[in-house]
Amino acid sequence: MTGSGLQEYGGESPIWGFVRQLAMERWTGQAEVGIDPRVDLYVAEGSVYFAQKVDDAPLGARLVAVGALTATQLRNGGVPLGTVAGQERVSLARLFQREPDVDRDLVELTVDRFAEQLLEQVAEHPVGT
């Protein structure tokens, strides 16, 4: 990415500044930032649509834990991808088509809340490398 301010970010610069730079550049992709915790950011045209710590439980399990999905909805709506590093991976990309009774608004708002809470928690942490 030629001329990007993202290349200059790192070290002790705060994560909030990196997120602001993502927005200014309308960047799209996945970025891993932070030191402790390490955080994955998923970004579309500069807007962070999902963020999670690299060692967080899978999203589906977290949605079940807070009551946004039932275990049955997750099992019926998720697509198994196999095991990676000893952890079962499930895609939720077709959740709403495969399980039409899922409260889409609740799930989407919960995912947004997860991301917002994490970004608030780590905003002042250093970006790292």
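Our subject is the structure listed above.
Peer 1: So what exactly am I meant to see when it comes to the overall build of the protein chain here?
Peer 2: When helices and strands are counted, the protein chain shows five helices and seven strands. The C-alpha extent of the protein chain, read off along each of the three principal axes, is 45 × 30 × 25 Å. Taking as baseline every contact in the protein chain between residues at least 6 positions apart, the subset at least 24 positions apart corresponds to 41%. Roughly 7,800 Å² of accessible area belongs to the protein chain as shown, and the carbon and sulfur atoms make up 50% of that amount.

Peer 1: How should the sheet that holds strand S3 (residues 39–44) be read in this particular structure?
Peer 2: To summarise the sheet geometry, strands pair through backbone hydrogen bonds and adopt either a parallel or an antiparallel arrangement. Taken in spatial order, the three strands line up as S2-S3-S4 in an open sheet, and their pairing is antiparallel. The two strands at the open ends of the sheet, each matched to only one other strand, are strand S2 (29–33) and strand S4 (47–53). Neighbour-to-neighbour, the strand axes of this sheet turn through a mean angle of 20°, independent of strand direction. Examined bridge by bridge, S2 and S3 share five bridges and lie antiparallel to one another. Opposite Gly29, over in S3, you have Val43 as the bridge partner.

Peer 1: How do you make sense of unusual backbone geometry when you look at a structure like this?
Peer 2: With the exception of glycine, the majority of residues adopt a negative phi angle, and the majority of peptide bonds are in the trans configuration. Along the chain, Asp36 connects to Pro37 via a cis peptide bond; the corresponding omega equals 15°. Mapping Pro37 onto the fold places it in the loop between S2 and S3. Even without glycine at this site, Arg26 takes up a positive phi of about 50°. Look at Glu45: it is not a glycine, yet its phi comes out positive at around 50°.

Peer 1: Looking at this structure, how should I read the side chain of Glu99?
Peer 2: As for its placement among the helices and strands, Glu99 is situated in the loop between helix H4 (95–98) and helix H5 (104–122). The side chain of Glu99 is buried and forms no salt bridge, while Arg98, the nearest opposite charge, is found at 7.5 Å. Apart from the residues within four sequence positions on either side, Glu99 is in contact with Gln73, Asn76 and Gly77.

Calculation notes
Residues numbered from 1 in each chain as written. Predicted model: local features only at pLDDT ≥ 70, side-chain atom pairs only at ≥ 80, totals over all residues. Heavy atoms only, no water. Helix = DSSP H or I, 4+ residues; strand = E, 2+ residues; numbered from the N terminus. Contact = heavy atoms within 4.5 Å. Areas by Shrake-Rupley, 256 points an atom, 1.4 Å probe, with all protein chains shown as cover. Pairing = 2+ DSSP bridges. Axes fitted to C-alpha atoms, helices over the stretch in contact; angles between N-to-C directions. Buried < 20%, exposed > 50% of the residue type's maximum accessible area, 1.4 Å probe, protein only. Lys, Arg positive; Asp, Glu negative; His and termini not counted. Salt bridge = Lys/Arg side-chain N within 4 Å of Asp/Glu carboxyl O.

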